[in-house]
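# Close look at the chain arrangement
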Amino acid sequence: MSKTVCPRCATGGALDDYQGKEGGKVVWTIHRCPTCCFSWRDSEPASAIDIGIRSADFAVDAANLDRYVKILQQ
């Protein structure tokens, strides 16, 4: 399990969903949080993925996920 911390809910263990490669070398990775389902690319600007810089307005309380509305597909 990854030690990558989710920039939205601050939990560790993000999964690596995909790696973009150029010339056989990894140039970016898409991570996905199994706790809050947020996905992000590690090459995005710090304002979007750095938990210390990212606006708290976009944070999710991982300890209280039931408080958020869930949209279900039919």
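Residues numbered from 1 in each chain as written. Predicted model: local features only at pLDDT ≥ 70, side-chain atom pairs only at ≥ 80, totals over all residues. Heavy atoms only, no water.

Under an unreviewed UniProt entry, the name given to the protein is Ribosomal protein S27AE, and the source organism is Sphingobium scionense.

Turning our eyes to something else, we now look at the overall build of the protein. When helices and strands are tallied, the protein shows 1 helix and 3 strands. Principal-axis analysis of the C-alpha atoms gives the protein an extent of 45 × 35 × 20 Å. The buried share among the 74 residues of the protein stands at 22%. Across the protein, contacts joining residues at least 24 apart in sequence account for 35% of those joining residues at least 6 apart. Summed over all atoms, the accessible surface of the protein reaches about 5,500 Å², with 51% contributed by carbon and sulfur. Here the protein contributes 9 positively and 9 negatively charged side chains, and the mean placements of these two sets differ by 3 Å. (Helix = DSSP H or I, 4+ residues; strand = E, 2+ residues; numbered from the N terminus. Buried < 20%, exposed > 50% of the residue type's maximum accessible area, 1.4 Å probe, protein only. Contact = heavy atoms within 4.5 Å. Areas by Shrake-Rupley, 256 points an atom, 1.4 Å probe, with all protein chains shown as cover. Lys, Arg positive; Asp, Glu negative; His and termini not counted. Charge placed at Lys NZ, Arg CZ, Asp CG, Glu CD.)

In this section: the nonpolar core. Counting 9 residues, the largest nonpolar core consists of C6, C9, A14, C33, C36, F38, W40, I49 and V60. Those residues in contact with W40, other than ones at most four positions away along the chain, are T4, V5, C6, P7, A14, T29, I30, H31, R32, C33 and I49. (Core = buried A, V, L, I, M, F, W, Y, C linked by side-chain atoms within 4.5 Å.)

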